[in-house]
Amino acid sequence: MESYTQPLSDIYASLLQTSLRTKNPFAGKLVHAQIIKSGLHLSVFLMNNLINCYAKSGFLSDAHHIFDEMPSRNTTSWNTILSAYAKQGRIDDAYLVFKEMPEPDSVSWTSMIAGYNRMGCVENAIKMFLEMISCHVFPTQFTITSVLASCAAIESLGIGRKVHTFVVKLGLNSYVSVANSLLNMYAKSGDPVTAKVVFDRMKLKSITSWNAMISLHMQSGRPDLALAQFDQMSERDLVSWNSMITGYNQRGLDREALDILSRMSKETSLKPDNFTLASVLSACANLEELNLGKQIHAHVVRTEFNTYGPVGNALIFMYSKSGGVGIARKILEHSVTSDLNVIAFTSLMDGYIKLGDMNSARQIFDALRTHDVVSWTAMIVGYVQNGFNDEAINLFRSMIREGTKPNSYTLAAILSVSSSLASLNHGEQIHAKSIRLGEVSSVSVSNGLISMYAKSGSIDCAKRIFNLIHWKKDTVSWTSMVIALAQHGLGEEAIELFEKMLEFGIKPDHITYVGVLSACIHVGYVDQGRNYYKLMKDAHGIEPTPSHYACMIDLFGRAGLLQEAQGFIEKMPIEPDVFVWGSLLASCRVHKNVELAKVAAERLLLIDPDNSGAYSALANAYSACGKWEDAAKIRKSMKDKQVKKEQGFSWVQIKGEVHVFGVEDALHLQRDAIYRLIAKIWKEIKKMGFVPNTEAVLHDLDEEVKEQILRHHSEKLAIAFGLLNTPENTTLRVMKNLRMCDDCHSAIKFISKLVGREIIVRDATRFHHFKSGLCSCHDYW
């Protein structure tokens with residue numbers, strides 16, 4: 001029998017393939033030398049194999065050198081060098097080769113399309129495909145999968161559908177890879193209906209097909225359908241499990257994500273990867289499941305899993321949010337900093353902020369190489385939440401100086417600082433900044449502006465902001481406006497707005513009801529307040545909180561219905577708190593009910609033994625009834641127990657500077673001018689009919705001394721200073737930390753008429769707008 005001798009060219013070609021498989025490029029060079037010695041260097045077949053060997057071994061210049069010296073080339077020669085350039089990312093060189101090709105075939109076009117796609121130049125890939133069709137070159141399944149990936153990347157549904165028509169015409173839809181690419185394209189381009197049609201028509205479905213549908217359902221907000229699809233799978237890979245875990249986590253269904261992890265550990269031998277661990281740690285963080293998070297961390301350590309990158313970030317995030325900031329800090333310190341993202345640092349910073357440890361939070365913030373808007377905002381919000389207003393403002397200024405553009409959350413946070421300080425000038429600057437940044441229409445910024453203007457005494461500006469966002473008001477917007485109107489003495493408007501809110505179908509929350517009940521308090525609408533309290537429980541299913549109970553006690557108490565207030569307290573399903581007893585005690589003082597005041601004060605002091613307000617209110621109740629000895633005993637008891645009374649003070653902001661005044665203040669640089677002016681004003685308003693209310697001085701003193709004390713109350717001194725340092729006919733805004741006394745309220749009405757200016761005073765409970773001798777509260781306060 002005649003023996004078969006393998007051609008030498010086939011042997012050399014086989015050796016070249018072996019050198020590629022064994023990753024031994026020098027063996028390939030030796031084969032090249034033997035080819036030349038054997039005189040086979042003119043063989044197109046061997047030269048094509050050599051080009052392929054050199055290109056895949058990283059010697060692209062040698063490959064091109066062989067290509068250039070080939071006396072004869074075929075399409076495979078061109079495609080081999082073209083594909084080599086495309087796969088190595090040298091797409092411009094690949095395009096030069098492509099343009100020189102005598103007759104590019106489907107492989108040539110597909111290499112270019114895949115090369116562009118790989119480099120992220122998806123528009124070029126799609127353009128190349130369209131040119132290919134116009135040149136009447138039929139695409140293959142590989143062409144189709146590449147161009148569909150490009151369509152999916154830029155969510156180009158229109159072109160994707162055109163590609164689908166070619167798939168049908170050329171009969172390529174039977175290929176599983178093509179069908180999966182179609183699924184992916186429709187899912188990412190926002191057409192889940194067609195994606196499901198493609199899936200249902202597939203005769204052969206791979207795990208990838210099922211995974212694509214699971215991801216699609218999750219992205220479409222239908223985790224129930226995703227689970228149904230998942231349960232139908234006869235075989236699942238790690239991607240299947242990850243799609244469910246990550247999908248649940250991203251949809252906020254963190255408990256379900258952890259349940260799927262539990263199923264995975266019981267039903268399979270699959271090991272979690274980066275995606276699995278990052279998602280379940282995120283779920284633990286959101287649920288604040290510290291113990292479970294520690295178990296997952298222990299698994300990571302036991303399996304010697306790489307904790308750099310996503311898993312390290314996820315561990316820091318989990319510990320920071322779950323109360324384990326100390327462990328999070330250690331992980332951060334032992335990590336390669338470059339592998340940690342800003343989210344990890346920011347979450348650790350948030351963890352310290354939650355604990356009120358602002359120094360440690362600032363250390364983390366300062367350790368960041370670069371700050372994004374999220375980290376700036378987190379730090380600013382942290383300062384605001386912990387009462388460090390000056391630090392928040394300074395950091396905001398640094399943020400602006402460094403060129404980081406604040407977002408709506410940053411602006412809302414810094415507006416809350418302006419609200420706390422009642423700084424209208426500062427708030428107006430933030431308003432202007434919001435307009436320049438295009439964030440003024442944001443709901444959070446608009447709500448912040450409403451609150452800022454309202455708390456700074458400019459209720460008209462607050463109304464204008466509210467009206468500007470009428471097309472997208474949320475519950476917070478309406479609530480902010482209801483509360484603002486109530487605080488400014490516009491109780492009827494507040495109630496009217498609340499009714500309109502109900503008409504528009506916007507559901508009030510528990511804070512809204514605090515606002516509308518406050519409105520009823522300020523205008524004395526007792527029956528309406530009762531009705532709203534009932535509506536809150538019966539119509540909206542809101543269980544009363546201590547704040548609602550305190551509002552009702554205040555409503556009854558101010559109206560003089562002290563027995564009803566006491567009966568309401570006795571029927572409360574929870575133990576009355578400081579605010580409930582405090583409201584009753586304040587009403588007892590106003591209505592001179594000493595016996596009930598004693599009960600309220602005793603109960604209040606049982607809860608808070610160091611509450612100076614309880615002692616003062618009870619002493620004042622005795623004083624108001626002329627029981628000076630009893631009042632003195634209470635004050636002595638207060639002194640013996642070293643309970644310090646909160647000092648009253650008022651402040652006014654002039655040209656960005658805050659000026660603070662206490663009673664009988666003698667420290668201000670302009671004290672002489674202030675005292676001269678207040679003495680002059682006192683004489684003038686007495687001529688106008690003002691009678692000092694010396695009963696407001698709850699001490700047994702001579703009338704002349706009482707009158708002098710009244711004349712030098714902090715708000716009167718602040719008003720005198722403001723009149724000296726502001727232009728005529730401008731509004732004067734004064735803030736006070738305690739409730740204004742009866743005498744000041746009466747005097748300021750006369751002063752507003754005397755000087756012909758509006759004077760706005762914000763005390764501890766509300767705003768008073770004094771104008772032309774009248775007050776917005778209509779003397780019901």
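Here's what I pulled together on the structure shown here. (Residues numbered from 1 in each chain as written. Predicted model: local features only at pLDDT ≥ 70, side-chain atom pairs only at ≥ 80, totals over all residues. Heavy atoms only, no water.)

Bringing the overall build of the protein into the picture now. Counting secondary structure elements, the protein contains 42 helices and six strands. Taking 781 residues into account, the globule formula puts the C-alpha radius of gyration at 28 Å, and the protein, at 39 Å, lies well above it. Oriented by its inertia axes, the alpha-carbon framework of the protein measures out at about 140 × 55 × 50 Å. Out of the 781 residues in the protein, the part that is buried amounts to 49%. Looking at the protein alone, contacts between residues at least 24 apart form 61% of all its contacts between residues at least 6 apart. For the protein, the accessible surface area stands at approximately 38300 Å², while carbon and sulfur atoms represent 53% of it. Here the protein carries 82 positive and 80 negative side-chain charges, and the mean point of each set is 2 Å from the other. (Helix = DSSP H or I, 4+ residues; strand = E, 2+ residues; numbered from the N terminus. Rg over C-alpha atoms; globule rule 2.2 N^0.38 Å. Buried < 20%, exposed > 50% of the residue type's maximum accessible area, 1.4 Å probe, protein only. Contact = heavy atoms within 4.5 Å. Areas by Shrake-Rupley, 256 points an atom, 1.4 Å probe, with all protein chains shown as cover. Lys, Arg positive; Asp, Glu negative; His and termini not counted. Charge placed at Lys NZ, Arg CZ, Asp CG, Glu CD.)

Together, Leu-8, Ile-11 and Leu-15 make up an exposed nonpolar region whose accessible area comes to about 230 Å². Mapped onto the elements, Leu-15 comes out in helix 1 (residues 8-21). (Patch = residues over 30% accessible without salt bridge, like charges linked within 9 Å, V, L, I, M, F, W, Y side chains within 5 Å. Salt bridge = Lys/Arg side-chain N within 4 Å of Asp/Glu carboxyl O.)

This next bit is on the packing of aromatic side chains. Scanning all chains against the criterion turns up 18 aromatic pairs. Seen in terms of ring centroids, Phe-466 and Trp-478 are 5.2 Å apart; in terms of plane orientation they differ by 85°. Their pairing is edge-to-face. Placement of Phe-466 in helix 28 (residues 459-468) and of Trp-478 in helix 29 (residues 475-487) is noted, with a sequence separation of 12 residues between them. Trp-478 carries the same exposure label as Phe-466, and that label is buried. (Phe/Tyr/Trp six-rings, centres within 6.5 Å; stacked < 30°, edge-to-face > 60°.)

Here the focus is the pattern of salt bridges. One pass over the structure, following the stated rule, counts 20 salt bridges. Note that Arg-530 and Glu-564 form a salt bridge whose closest N and O atoms lie 2.9 Å from each other. Taken together, the residues Arg-530 in helix 32 (residues 526-538) and Glu-564 in helix 34 (residues 562-571) connect sequence positions 34 residues apart. Classification of Glu-564 by relative accessible area gives partly exposed; the value is 31%. When the shortest N-O distance is used, the salt bridge between Lys-716 and Asp-743 registers 2.8 Å. Of this pair, Lys-716 sits in helix 41 (residues 714-725) while Asp-743 sits in helix 42 (residues 742-755), and the two are 27 residues apart along the sequence. Ionic contacts of the salt-bridge type, sharing partners, join the residues Asp-231, Arg-236, Arg-263 and Glu-267 into one network.

The next point concerns the packing of helix 35 (residues 578-590) against helix 36 (residues 594-607). At their nearest, the axes of helix 35 and helix 36 sit 9 Å apart, and the two run at 155° to each other. Taken together, the axes of helix 35 and helix 36 are roughly antiparallel relative to one another. At the point where helix 35 passes helix 36, the crossing takes the left-handed sense. Together, Val-578, Trp-581, Gly-582, Leu-584, Leu-585 and Cys-588 of helix 35 and Leu-596, Ala-597, Ala-600, Ala-601, Arg-603, Leu-604 and Ile-607 of helix 36 make up the contact between the two elements. A breakdown of the residues in the contact of helix 35 with helix 36 according to their chemical character gives 11 nonpolar, one polar and one charged. (Axes fitted to C-alpha atoms, helices over the stretch in contact; angles between N-to-C directions. Parallel < 35°, antiparallel > 145°, perpendicular 65-115°, else oblique. Left-handed = near helix turned anticlockwise from the far one by under 90°. Nonpolar A, V, L, I, M, F, W, Y, C, P; charged D, E, K, R; others polar.)

A word on the sheet that holds strand 4 (residues 759-762). Across the sheet, six strands lie side by side as 2-1-3-4-5-6; this open sheet has mixed pairing. The open sheet terminates on both sides in strands that have one partner only, identified here as strand 2 (657-662) and strand 6 (774-775). As judged from the two bridges shared by strand 5 (residues 767-771) and strand 6, these two strands associate in the antiparallel manner. Residue pairing in the sheet places Phe-770 in a bridge with Cys-775 of strand 6. Most of the contacts of helix 41 go to strand 1 (residues 649-654), to which it runs at about 15°, and overall it touches strand 1, strand 2, strand 3 (732-736) and strand 4. (Pairing = 2+ DSSP bridges.)

For helix 39 (residues 671-687), with 17 residues, the first-to-last C-alpha span of 24 Å sits near the 24 Å given by 1.5 Å per residue. Burial in helix 39 covers these residues: Ile-674, Tyr-675, Leu-677, Ile-678, Ile-681, Trp-682 and Ile-685. Projection of helix 39 onto a plane perpendicular to its axis shows the buried side chains occupying an angular sector of 165°, all on one side. The exposed set on the far side of helix 39, more than 90 degrees from its buried face, consists of Arg-676, Lys-680, Lys-683 and Lys-687. After helix 39 finishes, the residue Gly-689 shows a positive phi value of roughly 115°. (Expected span 1.5 Å × (residues − 1). Arc of directions from axis to C-beta.)

Here we come to the side chain of Lys-716. Owing to a relative accessible area of 1%, Lys-716 belongs among the buried residues under this scheme. In this structure, Lys-716 is in contact with Ile-678, Trp-682, Leu-710, Arg-711, Asp-743, Cys-744 and Ala-747, ignoring residues within four places of it in sequence.

Along the polypeptide, Ser-650 turns up in strand 1. Reaching out from Ser-650, the side chain makes a polar contact with the side chain of Ser-714 at a distance of 2.7 Å. Ser-650 has contacts with His-659, Val-660, Phe-661, Ser-714, Glu-715, Ala-718, Val-734, Met-735 and Lys-736, leaving out every residue within four places of it along the chain. (Polar contact = N/O pair within 3.5 Å; in protein donor to acceptor, adjacent residues only side chain to side chain.)

Moving on, we get to the nonpolar core. Counting residues in hydrophobic clusters, the biggest one holds 191 residues, and the most contacted among them are Ile-380, Met-481 and Leu-584. The residues touching Ile-380, leaving out its near neighbours within four places in the chain, are Ala-392, Leu-395, Phe-396, Met-399, Thr-410, Ala-413 and Ile-414. Residues Leu-677, Ile-719, Leu-723 and Cys-775 belong to the second largest nonpolar core, which totals 31 residues. (Core = buried A, V, L, I, M, F, W, Y, C linked by side-chain atoms within 4.5 Å.)

Turning to unusual backbone geometry, a few remarks are in order. Look at Asn-729: it is not a glycine, yet its phi comes out positive at around 70°. By secondary structure assignment, the location of Asn-729 is in the loop between helix 41 and strand 3. By relative accessible area, which is 66% here, Asn-729 ends up exposed.

Next up on the list: the environment of Lys-162. Structurally, Lys-162 can be placed in helix 10 (residues 157-170). Look at Lys-162 and you get exposed, because its relative accessible area is 55%.

In this section: the pairing of strand 3. The element strand 3 is extensively covered by neighbouring structure, given that four of its five residues are classed as buried. Alignment of strand 1 against strand 3, held across two bridges, turns out to be antiparallel. Looking across to strand 3, one finds that Trp-651 is bridged to Met-735. Relative to strand 4, strand 3 runs parallel, the two sharing four bridges. Following the sheet pairing, Val-734 is matched in strand 4 by Val-761. The β-α-β motif built from strand 3, the intervening helix 42 and the parallel element strand 4 has right-handed crossover chirality. (Right-handed = clockwise from strand over helix to strand, strands pointing away.)

Taking every second residue as pointing to the same face, both faces of strand 4 are buried, with Ile-759 and Val-761 on one and Ile-760 and Arg-762 on the other. Where strand 4 meets strand 5, four bridges bridge the pair, whose relative direction is antiparallel. In the sheet register, Val-761 faces strand 5, and the bridge partner there is His-768. As consecutive antiparallel partners, strand 4 and strand 5 are separated by four residues.

Moving on, we get to the environment of Arg-739. Secondary-structure assignment places Arg-739 in the loop between strand 3 and helix 42. Separated by 124 residues in the primary sequence, Arg-739 and Tyr-615 have C-alpha atoms spaced 16 Å apart.

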